[in-house]
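The lines below spell out each chain.
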Amino acid sequence: MSEDLRVFTKDDVKPETLRETTIAVIGYGSQGRAHARNLKDSGLDVIIGARRGGPSEEKAEADGFRVLSPAQAAEEAGFIALTAPDMAHADIFENDIKPNLKSGDTLMFAHGFSVLYGRVTPPKDVDVILVAPKGPGDLVRREFEKGRGVPCLFAVHQDATGKAVDRAVAYADGIGGTAAALFQTSFKDETETDLFGEQAVLCGGATELVVMGFETLVEAGYAPELAYYECLHELKLIVDLLHEGGLAKMHEFISETAIYGDLKSGPRVIDENTRDKMRAVLKDVQSGRFARDWILENQAGKPEYSALLQADLDHPIEETGRKLRSRMTWLEPGHNNSGA
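Here the structure is a predicted model, which is why all the values come from computation and not from measurement.

Colleague: Break down the packing of helix α10 (residues 224-233) against helix α16 (residues 316-325) for me, with residues and values.
Modeller: In contact at an axis separation of 10 Å, α10 and α16 are set at 90° when each is read in the N-to-C sense. As summarised for this structure, α10 and α16 are arranged roughly perpendicular, according to the angle between their axes. Contact residues: Pro224, Glu225, Tyr228, Tyr229 and Leu232 in α10; Ile317, Thr320, Gly321, Leu324 and Arg325 in α16. For the contact of α10 with α16, the class distribution of residues is 6 nonpolar, 2 polar and 2 charged.

Structure follows, in structure tokens:
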């Protein structure tokens, strides 16, 4: 069994580390926007690298940032945070960042995919680090605004200056990570666990379980509305309990009938065959097969991706869901879901 990861806190932060450094955030999507706004509010000097005339430029300027082209931002900054989508990294790095890197600069990623799988190979005279919040960008921003934070992982791939750890910790502190918990890991472990979790549990596993449960009930003659409520809608209630307090809190707040069904029938559905298939998914991640397939799929214009995605969107559970959600006023934009 592996050892527990070390927890870094504000006591480990050296505040001066990034104070005299210009940070360029390249990629102003969900994570990039949250990072940039939190860093700015933490008193750091932040510029944005975005394509001229695009929506990211307009949004960043509206947020009060100075926006340059990605190449100009990389040239001006001493710390470059690449938060664009994984498949865009190779082109952005080769065309915009690499020609403008200076010895002693820091290149940071929010996910280790591009470095681990050789999509990006930084020069040896720069620090290469990873800082990955364990939550979507809007949550990273919301928690920061409340004086809290989302737990983060950080890793050092290359320490050219001897300051890579300090720079990673200071950046994580700037986006709120040390207000929660900051753990040191490796590019390899962050990337492989992230890909496995998405595929086997969080996205692939969870959605297939929901859809198959829906199909099983409808196939047996039950109304699709009932199937939707039982297999998708109420899943949030259970996930919230698990998120807040693990298995113990879920068992505390569901009925004994539900607990008994959980303990008796859960292992009938998710069994050793499932575990074997999860191991196969993990093996594809560890071997690099998934990464190779995904890179080739992008290079081909994503035909399989598009077909599979459309099949998901065309599933009957989506039609049923749209009808039922139209009656759930608390899901409307601007509705106060906090209960306050």
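Colleague: Give me the lowdown on the pairing of strand β8 (residues 152-158), citing residues and values where you can.
Modeller: Taken across its 7 residues, β8 has 5 buried, putting it largely inside the fold. The pairing of strand β7 (residues 127-133) with β8 spans 6 bridges and is antiparallel. Bridge pairing in β8 links Val128 to Gln158. Note: β8 against strand β9 (residues 182-185), 4 bridges, orientation parallel. Across the sheet, residue Phe154 finds its bridge partner in β9, namely Gln184. For the crossover from β8 across helix α7 (residues 164-174) to β9, the handedness is right-handed.

Colleague: So what's going on with the environment of Met250? Residues and values would help.
Modeller: Inspection of the secondary structure puts Met250 in helix α11 (residues 235-253). When the C-alpha atoms of Met250 and Met212 are compared, they prove to be 23 Å apart, with 38 residues separating the residues in sequence. Those residues in contact with Met250, other than ones at most four positions away along the chain, are Ile238, Leu241, Leu242 and Asp262.

Colleague: So what's going on with the sheet that holds strand β2 (residues 22-26)? Which residues, and what values?
Modeller: Spatially, the 9 strands line up as an open sheet ordered β1-β9-β8-β7-β6-β5-β2-β3-β4, and their pairing is mixed. Each having just a single partner strand, β1 (7-8) and β4 (67-68) make up the two edges of the open sheet. Pairing of β1 with β9, which is carried by 2 bridges, proceeds in the antiparallel orientation. By the bridge assignment for β9, Val7 is matched with Phe183. Across the face of the sheet, helix α8 (residues 187-202) comes into contact with β6 (106-109), β7, β8 and β9 while running at roughly 35° to β7.

Colleague: Please provide a residue-by-residue account of the side chain of Asp173, values included.
Modeller: Within the secondary structure layout, Asp173 lies in helix α7. Owing to a relative accessible area of 18%, Asp173 belongs among the buried residues under this scheme.

Colleague: Before we move on, can you summarise the nonpolar core with the specific residues and values?
Modeller: Soluble globular proteins: nonpolar side chains tend toward being buried together. Among the nonpolar cores identified, the biggest contains 30 residues, and Ile23, Val25, Leu39, Ile48, Phe79, Val131 and Tyr171 are the most heavily contacted of them. Taken together, the elements giving at least two residues each to this core come down to β2, α1 (30-41), β3 (45-49), β5 (79-82), β7, β8 and α7. It is α7 that provides the largest number of residues to this core, a total of 6 residues. Excluding its chain neighbours within four sequence positions, the residues that come into contact with Val131 are His35, Met108, Phe109, Ala110, Leu153, Phe154, Ala168, Tyr171, Ala172 and Ile175. Core analysis: the next-biggest nonpolar cluster, separate from the first, contains 24 residues, Ile26, Ala74, Ile80 and Phe109 among them.

Analysis parameters
Residues numbered from 1 in each chain as written. Predicted model: local features only at pLDDT ≥ 70, side-chain atom pairs only at ≥ 80, totals over all residues. Heavy atoms only, no water. Axes fitted to C-alpha atoms, helices over the stretch in contact; angles between N-to-C directions. Helix = DSSP H or I, 4+ residues; strand = E, 2+ residues; numbered from the N terminus. Parallel < 35°, antiparallel > 145°, perpendicular 65-115°, else oblique. Contact = heavy atoms within 4.5 Å. Nonpolar A, V, L, I, M, F, W, Y, C, P; charged D, E, K, R; others polar. Buried < 20%, exposed > 50% of the residue type's maximum accessible area, 1.4 Å probe, protein only. Pairing = 2+ DSSP bridges. Right-handed = clockwise from strand over helix to strand, strands pointing away. Core = buried A, V, L, I, M, F, W, Y, C linked by side-chain atoms within 4.5 Å.

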